[in-house]
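Residue strings, one per chain:
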Amino acid sequence: MKVKPPKKALHFLRWFCREDYLEEIEGDLTEIFRKQFENSPRKAKWEFIWSVIRYFRPEFIKSFRNSHQTSTVMIGSYIKTSVRSISRNKLFSAINIVGLAISMSVGLLLIAFTHDLLSYDRFNEKGDRIYRITSHAAFRGEYSSTFATTSVKVGHLIKEKIPGVEAVTMVQTEFAADANVKGNSVPLKGYYAEPSLLQIFSLPMLKGDMTNALREPCSIVLTETAAKKVFGLEEAFGKTIQFKERDYQVTGILKDVPFFSHLQFESLVSYSTIAPQIDKDRDRLSWENVYQRNYVYVLLDKNTSADYIQVQIDAICAEENKANKEAQVYVTLLPLHDIMSGEELQNSIRPVMPKIVVWIIGGLALVVILSACFNYTNLSIALAMRRNKEIGLRKVIGAGRRQVRMQFLAEAVIVSLVALVLSFGLFLLLRPQFMTIAPELLKMVKLEVTVTMVLLFIAFAMVVGVVAGFLTGVFFARINIMNALRDVSSVKVFKGLSFRRALVVVQYTLTLIFITSTLIGYVQYKNILAFDLGFNTENILNIDLQGNNPEQLIHKLKAVPEVKGISQSKIVTSVGNAWGAFVKYNGSRDSSLVFTNFIDEHYLAVHDYHLIAGQNFITRPSTKAATSEIIVNEKTLRLFNIANGDAQKAVGEEVLLSSMQDAGKKLTIVGVIKDFHYGKLDEEIKPVAFTYLTPDRFLRSDKMDGLVNVRLDTRDPMETIAKIREVWKSVDPVHPFEAKFYDDSIEEAYSELSAMIKVIGFLSFISISIASLGLLGMVVFTTETRLREISIRKVLGATSGNLVLLLSRSFVLLLTTSALIALPVTYLFFEMAVLVRFPFHENIGMAELFGGLLAVFSIAFIMIGSQTIKASRSNPSEVLKSE
Amino acid sequence: MKIHTLGEFEELVLLMVAALHNEAYGVTILEGLEEKLKKKVNISAVHVALKRIEDKGFVKSRFGGITEDRGGRRKKFYVITALGKKMLDAQFELRTSIYKQIPKISFG
C-alpha cells in the first residue's frame, strides 16, 4: 500500500490550481512526498502542505470568472425547471408557499416594527452627539428607581462645571393652559424649553429667530398645527396669546414635530418664564428632586467622548451625594438614539419599547420562520424519489454539485418570493390587528410601506429562500448517479427519516409550548383582573377634575339618579401610581417610606374599605397645615410596631409624617383599615397612610389635580356616562370630559401582559398552521408512497381499521413525544420564571394546561385520519392494475 | 521579435534541463539543482521557472507515461530548444569574454 499525501492539502491544490498545470504539479509533489516519507513521515507531510501553499499564486490559480459566467447563463434554465417542478407538485408547492407565507408575515411585521423603532429621532442631524441625562436615585434606603428626568441642579452643574459640552437644554414638560381667543378657550399643551433646544434638535423653524425665539420670558413658539388651532387662517407670528394668568408673545412658528421623535409637543414656552419661580423654590433646586418633570439634554462637542463627560459627571455626583442625606443620585448619559429602544424609565416622556422585548419577539418569530423553512426542506427531501432521475440525468450530462445546489436554491428562492407576495397581503391584513395589540403601539409606529421597507422585505424573502433551499440542495447534490439512474425501487425513500421525525417533534413541541403559554397566561391575566384587591372597584367612575372646583361638580352630580356615592381622592391606587411620604413613630430613629393617598371622608365608604378599628376622619381641615388625622393599614402598624400591631390600641397613637412637599407633622391615627393592594399585583402589600384631602393639595403640575370618584348603580353605563358628561359640560365647557372606570384603569395597568399574551397567541396560531401543514405534507407523502403496500395488505385481508392504525401509529407516537416535552417545560417555565413575579397568583389549572394539547391533537388527528382513511378505502384493483 | 532575458534561477534551471537531456522533469531537475547548489530548493520555484522559460520558448515539454510512484499522474518532460541552446551559448560567451578581461591580479 502506497502512502497518500495529506488529503486536505491535495483537495485545496485541486480546487485552485489551473487544470493544465495540475497533473504535473500534483505528480511531482506526490513523488517528492513519497521519497521523503521514507525518511521522515512528519516532515514529508509538512513539506507537502507548505509546497501546496507556495503554489497559491496568480500563475497557478485558475480563473474563476469562467464558471460564474456559465452560472449566469444557467439562471434562465434554473427558473424554467423550478417553475415546472413547482407546478408539477401542486399540493406540496401549495403547502410550502402557504407555510412560508404565514411565517414570513410575522417576519415582515417584525421588520416593519423594528425599522420604525430604529428610525426614531434619526431626523436630528447632530443625533449621535445628543444625550439625555438619566437619574438613578435611592431615597433614604427604602426606595430606589431610575428616572428619565433629573434635577434642575444637575442641569446647572453641567452647564457650569463641565467642558466639552456644546449645549445643554432643560425641558419641563408640564406646560398646559387655556388660550383665550376671541372669547373661546383653546387648550394648549407643550414644554418649557431653553433656547438651546432649537440648537440641539433639528426642528426647522418656518418663522422667527432660531437663537432668540425662546429667550425672553413669556415667549411661545407654536407648531404649524397649533398655530392653526389657535389663530385659524390668520398669521400667528408676532401675535399675542391671552392666557388666564398672563399673555404670551408668539415668537416663532415651527414645522410640525416629526412622527418619529420622542419629543412631542404643540408649543414651546421659554424656560425663562418659569425660571424665577423655580429659583425661589428650594425643593425644586435640591439635588434629590429628580422626579419632577425636568429633562436635561446635552450636545457634546464634536471631539468629546461620552466617557470623558461621564467621568466628570461621576465626580460631581460623588461630591453632591456626600453632602446629601435625603437621597443618593447617580446620573448617566443616555444616547438619543437609545431612548426609544432603551429600558423603561420612570417619568418617560412617552412609552418606550425596550430592545429586549424586540429581541424576544424576534427570537420567537425566527423559530416560527425556521420551522417553516424546515417544512420546506422536509417536504422537498420527501419528494427526493420523484426527482432522483432528474438529478441523476443532470449529473450525467455534466452538472457539478454546484449547479445542482444552485438549482434547488433558485427553486426555493422562487417559492419564497411567491410566498412573499402572499405574505405581503397577510401583512396588510394583520397590520391593523397588530397595531391594536397595545394602545401605545398606535402612537409609536406607523408600519408604513416605504421603498426601504419593500427592499428589506425582498431581501428577507431571499434569505428565507436560501435557508430553506440550502439543505435540500446539499442533499440532492450528493445523490449518486449510479443509484439514481438504476431501478427506482432501489433508492431508499426513507433515508433520513429520523431527521424528519425530529423536525415534526420539534415543531409540535413549539406549537404546544406557544399555545399552552397563551392559555395559561390568559387565565392568569383574567384572574389578576378579577383579583380581590381589598376594596371594591366595581362601577366606580374616576373623573379627572382638570383644575375645576370639585364642589360645584359634586353638587350637580348628586342630582343624577344613578349616582349612589361620591368621594374625592388625589390619585387612583392599584394601577401602579404611587405617592410617598416618610413616617417616623415614637422612638424609631429612622423614618420609613409609606405610601399615601389624599382622600375625603366619603372615600372609604364609596370604595368599601374595611375599617377594622377606629373611625373615619373626624375633622374637616381646609388647609394641609391644619391636618391632624391619619388612617393607616395593618401593614403600617406591623412595620413600625405600633401598639404591637393591635389595631384597637393603635387608634390614638401619634406618628410623624413628612414628605417632599410637607415638613414633618404630628398626626393622630384615627382609624385602621384592613390591608389592601396599593401597588400592582406583582408587588407585596405595602404600608399605606391616608390623610385628608385639603383643597391646597390640588397642584396643577403633572395634571395630578385630583379626582372625583363616583359610584354608579346603572343598567346602562353608556347612558349614565352621557348624563355625567352633560353635567361636566355645564361645569367646564372647555376641557373634554375625562373619566375612566376603575376596572378599566386596572386593565390598562396590565396592558403589557395582555399585549404579550396577544403576541404569543398570534405566534401560536401561526406555528400551529405551519406544524399542521408540515404534518399534512408528511402524511400525504407517506400514505401515497405506501399505497401499493396498503393495497396488497387489503387484498390479503386487512380491514380499514387495521390500516388506519398502521399508518397513523408512527405519527401518534411523534405527537405524544412532543406533548411529553412541551407540557412539563411550559409548566415549569411559568412556575419558576413567570408566576414568581406575581406573589398573589392562583395555581395553574388542568383546563389551561391540557386544553391546548386537546386542540392541537384534534387538528392533527383529523389530518392524519382523513388521509389514512382515504388511503385505506382505495380500491386495490385500481392501484395494483398499473403495475 | 522581442528578445527575452534570462533570470539567474531560470538560467540554472535551463542549464539543468539541458544537462539532464530527455530525463528532465520536475523532480530530477529539483534533485540535480539541490545537489549542485548544496541547498534546499522548493519545487514550486522550479515549476515557476520552468513555466517562464517555456513561455519564452527556451524549452518544450511533452508528457511521459503513467508511473505508480506519482499517484497515477504523468511526468512532464522538458527538452531544451534550439533557441534555448543559443541563449545559453550567448550567456556563456558573454560571461567568458568579460571574465577574460579581468587583469591578472595576485591575491597573494
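As the structure is a computational prediction, the values presented were derived from the model and not from experiment. (Residues numbered from 1 in each chain as written. Chains lettered and ligands numbered in written order. Predicted model: local features only at pLDDT ≥ 70, side-chain atom pairs only at ≥ 80, totals over all residues. Heavy atoms only, no water.)

**Digging into the overall build of chain B**
Next, step 1: Each helix and strand counted, chain B has four helices and two strands in total.
Next, step 2: Along chain B, from the amino end to the carboxyl end, the secondary structure elements read α-α-α-β-β-α.
Next, step 3: Looking at the 108 residues of chain B, the share that counts as buried comes to 40%.
Next, step 4: If you take every contact in chain B between residues at least 6 apart in sequence, the share linking residues at least 24 apart comes to 53%.
Next, step 5: For chain B, the exposed area adds up to about 6900 Å²; of that, 58% sits on carbon and sulfur atoms. (Helix = DSSP H or I, 4+ residues; strand = E, 2+ residues; numbered from the N terminus. Buried < 20%, exposed > 50% of the residue type's maximum accessible area, 1.4 Å probe, protein only. Contact = heavy atoms within 4.5 Å. Areas by Shrake-Rupley, 256 points an atom, 1.4 Å probe, with all protein chains shown as cover.)

**Describing the overall build of chain A**
Next, step 1: A tally of helices and strands in chain A yields 29 helices and 22 strands.
Next, step 2: Considering only contacts within chain A whose residues lie at least 6 apart along the sequence, 79% involve residues at least 24 apart.
Next, step 3: For chain A, the exposed surface amounts to about 42100 Å²; the carbon and sulfur share of it is 59%.

**Let's talk about empty space enclosed by the protein**
Summary: where empty space remains is shown by rolling a probe the size of a single water molecule over the atoms.
Residue and element names in this part refer to chain A.
Next, step 1: Enumeration over the complete set of coordinates arrives at eight cavities of 30 Å³ or more.
Next, step 2: Of the voids in this model, the largest cavity is the one considered here, and its volume is about 160 Å³.
Next, step 3: Lining the largest cavity are 15 residues, with N96, S380, L383, R387 and E411 sitting closest to its centre.
Next, step 4: Of all elements in the fold, only α4 (65-88), α5 (90-118), α12 (355-382), α14 (401-435) and α16 (451-477) reach the threshold of two or more residues within the lining of the largest cavity.
Next, step 5: A per-class count over the lining of the largest cavity returns seven nonpolar, six polar and two charged. (1 Å grid on protein atoms, 1.4 Å probe; cavity = no way out; pocket = protein on both sides within 12 Å on 5 of 7 lines; lining within 4 Å. Points joined across faces, edges and corners; volume = space filled by probe spheres on them. Nonpolar A, V, L, I, M, F, W, Y, C, P; charged D, E, K, R; others polar.)

**Concerning a nonpolar patch on the surface**
Residue and element names in this part refer to chain A.
Next, step 1: Judged by side-chain polarity, L417, L428, V449, V454, I458 and M462 come together as a nonpolar surface patch covering roughly 410 Å² of accessible area.
Next, step 2: Those elements giving two or more residues to the nonpolar patch turn out to be α14 and α16.
Next, step 3: Ranked by the residues each element gives to the nonpolar patch, the list is headed by α16, at three residues.
Next, step 4: If you trace the backbone, L417 turns up in helix α14. (Patch = residues over 30% accessible without salt bridge, like charges linked within 9 Å, V, L, I, M, F, W, Y side chains within 5 Å. Salt bridge = Lys/Arg side-chain N within 4 Å of Asp/Glu carboxyl O.)

**Describing the environment of L300 of chain A**
All names here are of chain A.
Next, step 1: Its location among the elements puts L300 in strand β10 (residues 294-300).
Next, step 2: Distance in space between the C-alpha atoms of L300 and K126 is 9.3 Å, their sequence separation being 174 residues.
Next, step 3: When near neighbours in sequence (up to four residues on either side) are disregarded, L300 contacts R129, Y131, G164, V165, E166, S305, A306 and I309.

**Comments concerning the confidence of the model for chain A**
Next, step 1: Confidence along chain A averages 85 in pLDDT terms, with 94% of residues attaining 70 or more.
Next, step 2: Scored below 50 in pLDDT, residues 700-704 of chain A shows 12 contacts in the model against residues more than four places distant or in partner chains. (pLDDT = per-residue confidence, 0-100.)

**Focus: the interface of chain B and chain A**
Next, step 1: Between chain B and chain A, the contact holds 24 residues from the first and 25 residues from the second.
Next, step 2: With both chains or domains summed, chain B and chain A bury close to 2200 Å², and 47% of this area falls on carbon and sulfur atoms.
Next, step 3: Among the residues of chain B in contact with chain A, H47, D69 and R73 of chain B are the three that bury the most area, contributing 25% of the side total.
Next, step 4: Summed over the shared surface of chain B and chain A, the result is five salt bridges.
Next, step 5: K35 of chain A is the partner of E31 of chain B in a salt bridge, and the nearest nitrogen-oxygen pair spans 3.0 Å.
Next, step 6: Within the residue set of the side of chain B that touches chain A, elements represented by two or more residues are α2 (26-37), α3 (43-55) and β2 (74-80) of chain B.
Next, step 7: Of all the elements, α3 of chain B adds the most residues to the side of chain B that touches chain A, at seven residues. (Buried area = accessible area lost by both parts, 1.4 Å probe.)

**Focus on the pattern of salt bridges**
Residue and element names in this part refer to chain A.
Next, step 1: Applying the stated criterion to the full structure yields 25 salt bridges over all chains.
Next, step 2: Between K159 and E194 there is a salt bridge, and its shortest N-O distance comes to 2.6 Å. With K159 in helix α6 (residues 152-161) and E194 in the loop between β4 (184-193) and α7 (197-200), the pair connects residues that are 35 residues apart, well separated along the chain.
Next, step 3: Residue classification places E194 among the buried positions, given a relative accessible area of 12%.
Next, step 4: Here E748 makes a salt bridge to K740, at a shortest N to O gap of 3.1 Å.
Next, step 5: The class of E748 is partly exposed, set by a relative accessible area of 41%.

**What to know about a negative patch on the surface**
Next, step 1: Together, E538, D743, D744 and E747 of chain A line one region of the surface with negative charge.
Next, step 2: Following the sequence through the fold, E538 of chain A ends up in the loop between α18 (497-529) and β12 (540-544). (Lys, Arg positive; Asp, Glu negative; His and termini not counted. Charge placed at Lys NZ, Arg CZ, Asp CG, Glu CD.)

**Things to note about the nonpolar core**
All names here are of chain A.
Next, step 1: With 55 residues, the main nonpolar core has L100, M104, F113, L447 and F457 as its most contacted residues.
Next, step 2: Of all the elements in the fold, those that place two or more residues in this core are α5, α12, α14, α15 (439-444), α16 and α25 (751-785).
Next, step 3: Per-element accounting of this core gives the leading share, 13 residues, to α5. (Core = buried A, V, L, I, M, F, W, Y, C linked by side-chain atoms within 4.5 Å.)

**Some remarks on the packing of aromatic side chains**
Next, step 1: Applying the stated criterion across every chain, the model contains 38 aromatic pairs over all chains.
Next, step 2: Relative to F861 of chain A, the ring of F857 of chain A lies with its centre 5.7 Å away and its plane at 70°, an arrangement referred to as edge-to-face. Taken together, the residues F857 of chain A and F861 of chain A, both in helix α28 (residues 846-873) and four residues apart, mark about one turn of the helix.
Next, step 3: Judged by its relative accessible area of 15%, F857 of chain A falls in the buried class.
Next, step 4: With a relative accessible area of 37%, F861 of chain A lands in the partly exposed category.
Next, step 5: Three or more aromatic residues joined by ring pairs make a cluster, and in this case those are F535, Y603, Y609, F676, F690 and Y742 of chain A.
Next, step 6: The lysine or arginine in question, K686 of chain A, covers the ring of F595 of chain A, its NZ or CZ lying 4.4 Å from the ring centre.
Next, step 7: Lying across the ring of F63 of chain B, R74 of chain B places its NZ or CZ 4.3 Å from the centre. (Phe/Tyr/Trp six-rings, centres within 6.5 Å; stacked < 30°, edge-to-face > 60°. Lys NZ or Arg CZ within 6 Å of the ring centre and 35° of its normal.)

**Remarks on a positive patch on the surface**
All names here are of chain A.
Next, step 1: On the surface, R401, R402, R405 and R478 cluster together into a patch of positive charge.
Next, step 2: Summarising the element assignment, R478 is placed in the loop between α16 and α17 (481-485).
Next, step 3: Residue R478 is classed as exposed on the basis of its relative accessible area of 59%.

**Brief notes about unusual backbone geometry**
All names here are of chain A.
Next, step 1: Phi is positive for N347, which is not a glycine, with a value near 65°.
Next, step 2: The residue N347 is located in the loop between β11 (327-335) and α12 in this model.
Next, step 3: For N641, which is not a glycine, the phi torsion comes out positive at approximately 55°.
Next, step 4: Counting through the fold element by element, N641 comes out in the loop between α21 (634-640) and α22 (647-650).

**Observations concerning the environment of R401 of chain A**
Residue and element names in this part refer to chain A.
Next, step 1: Mapped onto the elements of the fold, R401 is located in helix α14.
Next, step 2: Each C-alpha atom, one on R401 and one on F476, is 8.5 Å from the other, the two residues being 75 residues apart in sequence.
Next, step 3: The contacts of R401, once residues within four sequence positions are left out, are K395, A477 and R478.

**Notes on the side chain of S103 of chain A**
Residues and elements named next belong to chain A.
Next, step 1: By the secondary structure assignment, S103 is in helix α5.
Next, step 2: Within polar-contact distance, the side chain of S103 engages the backbone oxygen of L100 at 3.1 Å.
Next, step 3: Those residues in contact with S103 that lie beyond four places of it in its chain are V368, I369, A372, I766 and I770. (Polar contact = N/O pair within 3.5 Å; in protein donor to acceptor, adjacent residues only side chain to side chain.)

**Focus: the pairing of strand β3 (residues 165-181) of chain A**
Residues and elements named next belong to chain A.
Next, step 1: In terms of residue burial, β3 counts as a mostly covered element, since 12 of its 17 residues are buried.
Next, step 2: Sheet topology note: the β3/β10 ladder contains seven bridges and is antiparallel. Residue pairing in the sheet places T169 in a bridge with Y297 of β10.
Next, step 3: Note: β3 against β4, nine bridges, orientation antiparallel. Pairing of Q172 across the sheet is with Y192, part of β4.
Next, step 4: Remark: two residues form the turn of the hairpin made by β3 and β4, two consecutive strands paired antiparallel; K182 in that turn has positive phi of roughly 50°.
Next, step 5: Summarising the sheet, β3 and strand β7 (residues 240-243) pair through two bridges and their orientation is antiparallel. Following the sheet pairing, N180 is matched in β7 by Q242. (Pairing = 2+ DSSP bridges.)

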